[in-house]
Amino acid sequence: MAEIIDYEPPEDDGEVLPPEEQLKKAQESLNELKKNMALLFDGPIRTAALAAYDISERTGEFIKEIGRLAEKALACLPFTRQFLSISYLANAQYVYWDYLDDDFENDLLNADNTDEVLLQYHKKDKFKSVLDTAEKCLNSSLIQSNRSLFEQSVKAFKRGDCDISVVGLIATIDGMVPLFPDKPRLLDLKERIEPILKKLENQEAVDKEEFSEYIFITTFSNTYKTIWADSYFIDEEPPNLNRHWIVHGRSSHDNTKLDCIKLIHFLYGIILLDELTKASDTEVENV
């Protein structure tokens, strides 16, 4: 460690020196002070000062990088919120095919119970939207062989006979799925959403129609996988709707209006998927 020399100013003996001597003494004192300061900063204090400067430089770069990441995060924030909302819908077995508006999105993100949000969503319009969806299903050729069963299931839903409605809707869906000669197409939907995901990764603009298709495919795929999931009776019954437990009369769930709505939405999802598949096949043929 460098020795720090104490500086003591000369004692005042009361003698008045000539101006040139006073200037000389002052210069000597200044030189002594500069020497001490140099020694002071040649030791650990100088090292600490340089380290502090280096840290401040690195911190500045770090803060800049954080700023750049924050800008990217803010740019992705709207999609992040929507991805969370979509995951809630998918986990709730709720097929959705429209763009999420802000109110619906906020309700999903702020709720403790997604099912409660969905039920209130349909209660607001007195179940008109789901009944309109059921009406659209009746116009599809996929449902004609089970049209009567589907109509009776919807009537049971309107009366509040949800157990009857759920069983009838599952049976109607069972009659539709074999109409797809290539069943894996109901599950292998990744190729449809890959271009959309690539756009999002590259921070390219995704229009509402594309994002609505992403929402539909994501919620439909997860709903299909969970409703048709293998589940053995020796195990505990799944918490969500499960076809195996329902058709074999082993389900102990109290079926609700929301369960009926989910199945009507899923049934309509099969019809939408059929339309999307046919549209894609037509595009390929025209290439």
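Here the structure is shown first, and the text comes after it.
I will try to describe carefully the structure that is included in this document. (Residues numbered from 1 in each chain as written. Predicted model: local features only at pLDDT ≥ 70, side-chain atom pairs only at ≥ 80, totals over all residues. Heavy atoms only, no water.)

**What to know about the overall build of the chain**
Working step 1: Counting its regular elements, the chain contains eleven helices and zero strands.
Working step 2: Within the chain, the fraction of its 287 residues that count as buried is 32%.
Working step 3: Here the analysis covers contacts within the chain between residues at least 6 apart in sequence; of these, 65% occur between residues at least 24 apart.
Working step 4: Of the roughly 18300 Å² that the chain leaves accessible, carbon and sulfur atoms contribute 53%. (Helix = DSSP H or I, 4+ residues; strand = E, 2+ residues; numbered from the N terminus. Buried < 20%, exposed > 50% of the residue type's maximum accessible area, 1.4 Å probe, protein only. Contact = heavy atoms within 4.5 Å. Areas by Shrake-Rupley, 256 points an atom, 1.4 Å probe, with all protein chains shown as cover.)

**Quick notes on the side chain of S212**
Working step 1: Mapped onto the elements of the fold, S212 is located in helix α9 (residues 208-227).
Working step 2: Within the local environment of S212, its side chain forms a polar contact with the backbone nitrogen of Y99, the two atoms lying 3.1 Å apart.
Working step 3: Those residues within four positions of S212 in sequence are excluded, and the remaining contacts are W97, D98 and Y99. (Polar contact = N/O pair within 3.5 Å; in protein donor to acceptor, adjacent residues only side chain to side chain.)

**Some thoughts on a negative patch on the surface**
Working step 1: Side chains of D101, D102, D103 and D107 sit close together on the surface and give a patch of like negative charge.
Working step 2: Locating D103 in the fold gives a position in helix α3 (residues 102-110). (Patch = residues over 30% accessible without salt bridge, like charges linked within 9 Å, V, L, I, M, F, W, Y side chains within 5 Å. Salt bridge = Lys/Arg side-chain N within 4 Å of Asp/Glu carboxyl O. Lys, Arg positive; Asp, Glu negative; His and termini not counted. Charge placed at Lys NZ, Arg CZ, Asp CG, Glu CD.)

**Side note on the packing of aromatic side chains**
Working step 1: On inspection of all chains with the given rule, the structure shows 16 aromatic pairs.
Working step 2: Measuring from centroid to centroid gives 4.4 Å for F104 and Y121, while their planes differ by 10°, and the two rings are stacked. Separated by 17 residues along the polypeptide, F104 in helix α3 and Y121 in helix α4 (residues 114-124) bring together distant segments of the chain.
Working step 3: Residue classification places Y121 among the partly exposed residues on the basis of a relative accessible area of 30%.
Working step 4: Measuring from ring centre to ring centre gives 5.6 Å for Y224 and W228, while their planes differ by 5°; the resulting arrangement is stacked.
Working step 5: Connected via pairs of aromatic rings, a cluster forms that spans F216, F220, Y224, W228 and F266.
Working step 6: For the cation-ring pair, R250 lies above F233, with the distance from its terminal atom to the ring centre recorded as 4.3 Å.
Working step 7: When the ring centre of F127 is taken as reference, the NZ or CZ atom of K257 above it lies at 4.7 Å. (Phe/Tyr/Trp six-rings, centres within 6.5 Å; stacked < 30°, edge-to-face > 60°. Lys NZ or Arg CZ within 6 Å of the ring centre and 35° of its normal.)

**Quick word on the pattern of salt bridges**
Working step 1: For the coordinates displayed, the defined rule picks out five salt bridges.
Working step 2: The salt bridge involving K262 is made with D115; its shortest N-O contact spans 3.0 Å. Pair noted here: K262 is in helix α11 (residues 257-286) and D115 is in helix α4, with a separation of 147 residues, a long-range link.
Working step 3: Taking the relative accessible area as the measure of exposure, D115 reaches 31% and is therefore partly exposed.
Working step 4: R243 serves as the salt-bridge partner of D174, at 2.8 Å between the closest nitrogen and oxygen. Here the residue D174 occupies a position in helix α7 (residues 162-176), and R243 occupies one in helix α10 (residues 243-247), the gap between them amounting to 69 residues.
Working step 5: On the accessibility criterion, D174 (23% relative accessible area) is partly exposed.

**Here's the deal with the environment of L258**
Working step 1: Relative to the helices and strands, L258 resides in helix α11.
Working step 2: L258 sits 143 residues away from D115 along the chain, and the two C-alpha atoms are 7.6 Å apart.
Working step 3: If near-sequence neighbours (up to four positions away) are discounted, L258 is found in contact with D115, L118 and L119.

**Some points on the packing of helix α5 (residues 128-138) against helix α6 (residues 147-159)**
Each pair of packed helices gets described by two things: the angle between the helix axes and the distance between those axes.
Working step 1: It is at 11 Å that the axes of α5 and α6 come closest, and there the two elements cross at 170°. The angle between α5 and α6 places the two elements in the roughly antiparallel class. Taking contact as the criterion, the partners of V130, L131, A134, C137 and L138 in α5 are, on α6, R147, F150, E151, V154, F157 and K158.
Working step 2: Of the residues contributing to the contact of α5 with α6, the split by class is eight nonpolar, no polar and three charged. (Axes fitted to C-alpha atoms, helices over the stretch in contact; angles between N-to-C directions. Parallel < 35°, antiparallel > 145°, perpendicular 65-115°, else oblique. Nonpolar A, V, L, I, M, F, W, Y, C, P; charged D, E, K, R; others polar.)

**As for α3**
Working step 1: Those residues of α3 lying buried are F104, E105 and L108. Seen from one end, α3 has its buried residues packed into an arc of 100°, which puts them on one side. Turned more than 90 degrees away from the buried face of α3 sit D102, D103 and N110, all of them exposed.
Working step 2: At the N-terminal boundary of α3, the capping side chain belongs to D101, with an oxygen 3.1 Å from the backbone nitrogen of D103. (Arc of directions from axis to C-beta.)

**Considerations on unusual backbone geometry**
Leaving glycine out, the prevailing phi sign among residues is negative, and the prevailing peptide bond configuration is trans.
Working step 1: Positive phi values are uncommon outside glycine, yet Q93 reaches one of about 60°.
Working step 2: You can see Q93 is positioned in the loop between α2 (44-91) and α3.

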